[in-house]
Amino acid sequence: MSPPLSFLFSPPSSSHLARSLDRLKVEEAKGTLTTSPSEPKSAFDRSHSPSTLAGDEGLGHNIPLQSSRHLRLDVGGYKFSTTITTLTSSPDSMLAAMFSGRFMLEKTDEGCVFIDRDGQLFQYVLTWLRNGWLPPLACPKEHELLFQEARFYQLQGLIEFLESEDSLSVPPPTTLTAMPGPEAERFSQKEFLCLVNSVPSKKKVQLCGADLSGLNLSGVGLQGANMKFVNLSNTIMHHSNFQEADLRYANLQGADLSYIDLSLCNLQGANLSGAKLLYANLQGCNLQGADMMNVALQNANVQGANLQGANLQGANLHGTNLLGAKLQGASLHGITNVQSAKGLRR
C-alpha cells in the first residue's frame, strides 16, 4: 500500500534543506555537482528522488518541472496556478531548490504538485514572490503565522519584510502598477480558462496578484474567487459572475463590466476609474475607498453598497439605483445625470 499523498509531497524541514543547499554550493564551487535525479547525493535528493516519491507501485507520473513553464500547486487543499520563474525567484529559498529542475516531483491525478502547508497563507507567499511586496496584514496573529511560513520556505526577503514596521504600517496601493518589484505573471486567455475549468466546483479560484489585463472574460463564473491585487485593466467581462469575490485593491481601470454581477463583492480600495458598469449589479458591494472617477454607472444597481470615501468624480449616474448606499466621505464632484439617480440626496 502506497503512503498518502500528504506524506509524499511534504517538503523537507528547513534545516534539512539548508544543509543540502550548502552541499550543492560546495559541489558547484568544486565543479563536481551532479544533477542527475538517478544518483542522489544527499538526504534531500534521496527523499525526493523518483523512486521514493512514486513508491514501488508508482503514483501518477514523475515530471521534470523545468520542462513546463506553468504549473499548478495544491497547498493544503488550496489550488494555485503559477510559473517556475515565480517559484524560483528567490534563489536561496526552499521553493527555488524544490523547483530548480534538479529533482523530480510527482504530480497528483489532478496535475498538481502537492505541498502540505497552509494554503490560505501561501497566497501571501505567492504574492510576495510575484511582486516583492505585501499589503498590511489583518492581525498580529496572521503576521505571526506568515512569519513561520516564510521561515519554513526560507524566503529571507519576506522574513526581513515581516520583521520591519512596513508589514504593519504601509498603506496598500490603489493599483498593481504602484507595487514595487517584478511584474506579476501574465495569463493568456487559454491559460486562464484552463485554470478556471480545472478547479473543482466546491473550491474557490485563487488568483491573488495575477495579471489578467486585456483579456475577454465575458460569461465566466468566479463566485467567491480570491482576486486581491489582480490586474483586470482593460478587460471585457460582460455578464460575468463575480458574486462575493474578493477584489480588494484590484486594478479594473478602463474595464468593460457591463451586465456583470458584483453583488456582495469586496472591492475596497479598487481602481475602477474609467470603467463601464452599465446595468451592473453592485448590490451590497464594498467599494470603500475605491477610485471610481469617470465611471459609467448608467442603470447600475448599487443599492446598499458601501461607498464611504470612494472617489466618484465625473461619474455618470443616469438611472443608477443608490437606495441605502453609504456615501459618507465620498467625492461626488462633477457627477452627471444626478436627476435620474435613485436614492441620492440632492
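Residues numbered from 1 in each chain as written. Predicted model: local features only at pLDDT ≥ 70, side-chain atom pairs only at ≥ 80, totals over all residues. Heavy atoms only, no water.

## What about the state of the cysteines?
A disulfide bridge is the covalent bond that connects two cysteines by way of their sulfur atoms. Short version of the rule: Our working definition of a disulfide is a cysteine sulfur pair at a distance within 2.5 Å. Exposure is judged per residue with a 1.4 Å probe applied to protein chains only, and the accessible area is read against the type maximum: over 50% gives exposed, under 20% gives buried, and values in between give partly exposed.
Scanning all chains against the criterion turns up 0 disulfides. Left unpaired, Cys285 is separated from the closest cysteine sulfur, that of Cys265, by 4.9 Å. Residue classification places Cys285 among the buried residues on the basis of a relative accessible area of 1%.

## Observations regarding helix H7 (residues 119–131)
We apply this condition: Helical segments are the DSSP runs of H or I of at least four residues, strand segments are the runs of E of at least two, and each set is numbered from the N terminus. A helix is expected to reach a length of 1.5 Å times the quantity of its residues less one. Residues count as neighbours in contact if any of their non-hydrogen atoms are within 4.5 Å of one another. A 3.5 Å cut-off defines polar contacts: any pair of N or O atoms within that distance qualifies, except that in protein one atom must be a possible hydrogen donor and the other a possible acceptor, and neighbouring residues in sequence count only when both atoms are side-chain atoms.
The terminal C-alpha atoms of H7, which comprises 13 residues, lie 18 Å apart, in line with the 18 Å expected from a rise of 1.5 Å per residue. Judged by how many residues are buried, H7 sits mostly within the fold: 12 of 13 residues are covered. Regarding H7, the residues found buried are Gly119, Leu121, Phe122, Gln123, Tyr124, Val125, Leu126, Thr127, Trp128, Leu129, Arg130 and Asn131. Taken together, the buried residues of H7 touch strand E2 (70–75), strand E3 (78–83), helix H5 (84–87), helix H6 (94–98), helix H8 (140–153) and helix H9 (156–163). Where H7 begins, the capping side chain belongs to Asp118, and its oxygen is found 2.9 Å from the backbone nitrogen of Gln120. Trailing H7 by a residue or two, Gly132 shows a phi angle of about 70 degrees, which is positive.

## Describing the confidence of the model for the chain
Our working rule: Scored between 0 and 100, pLDDT is the confidence that the predictor attaches to each residue.
This prediction gives the chain a mean pLDDT of 77; 73% of its residues lie at or above 70. When the criterion is pLDDT under 50, residues 1–17 qualifies, and its contacts beyond four places in sequence or with other chains add up to 46 contacts. Note that residues 24–68 has pLDDT below 50 and, in this model, 80 contacts with residues that lie over four places away or in other chains.

## Brief notes about the pairing of E2
This is how the line gets drawn: Strands qualify as paired when DSSP identifies two bridges or more between them.
Burial analysis of E2 places 5 of its 6 residues in the buried class, which makes it a mostly covered element. Looking at chain direction, E2 and E3 are connected through 6 bridges and run antiparallel. Directly across from His70, in E3, lies its bridge partner Thr83. Linkage of E2 to E3, two consecutive antiparallel strands, is achieved through a turn of 2 residues, within which Gly76 is found at a positive phi near 55 degrees. Sheet topology places E2 next to strand E5 (residues 112–115); 4 bridges connect them, and they run parallel. For Leu73, the partnering residue across the bridge sits in E5 and is Val113.

## Considering the environment of His318
On the secondary structure map, His318 appears in the segment after helix H11 (189–198). Given a relative accessible area of 39%, His318 falls into the partly exposed group. Distance in space between the C-alpha atoms of His318 and Gln298 is 4.7 Å, their sequence separation being 20 residues. When residues no more than four places from it in sequence are discounted, the contact partners of His318 are Leu297, Gln298, Asn299, Thr336, Asn337 and Ser340.

## Observations regarding unusual backbone geometry
Glycine aside, a negative phi is what most residues show, and trans is what most peptide bonds show. In this structure, Tyr249 takes a positive phi of about 60 degrees despite not being glycine. The residue Tyr249 is located in the segment after H11 in this model. On the basis of relative accessible area, Tyr249 is assigned to the buried category, the value being 17%. Phi at Leu264 is positive, roughly 60 degrees, even though this residue is not glycine. As for its placement among the helices and strands, Leu264 is situated in the segment after H11. You can call Leu264 partly exposed: its relative accessible area is 48%.

## Thoughts on the sheet that holds E2
Within a sheet, neighbouring strands are paired by backbone hydrogen bonds and run either parallel or antiparallel to one another. For the record, the criterion: For helices, the fitted line uses only the C-alpha atoms of the stretch in contact; every axis is such a line through C-alpha atoms, and the angle between N-to-C directions lies from 0 to 180 degrees.
Overall, mixed pairing links the 3 strands, which are arranged E3-E2-E5 in an open sheet. A single partner strand is all that each edge strand has here, and the edge strands are E3 and E5. Here the strands of the sheet are splayed against their neighbours by 30 degrees on average, with no regard to which way each runs. Contacts from H7 reach E2 and E3 within the one sheet, and its direction differs from that of E3 by about 15 degrees.

## Let's talk about the pattern of salt bridges
Inclusion rule: Salt bridge criterion: a side-chain nitrogen from Lys or Arg within 4 Å of a carboxyl oxygen from Asp or Glu.
Taken as a whole, this structure holds 4 salt bridges when the rule is applied. In this structure, Glu149 engages Arg117 in a salt bridge whose closest nitrogen and oxygen atoms are separated by 2.7 Å. Residue Glu149 is found in helix H8, and its partner Arg117 is found in the loop between E5 and H7; the two are separated by 32 residues along the sequence. Given a relative accessible area of 7%, Glu149 falls into the buried group. Take Arg117: its relative accessible area is 25%, and that puts it in the partly exposed class. Three or more residues joined by partner-sharing salt bridges are found here, namely Lys228, Asp246 and Arg248.

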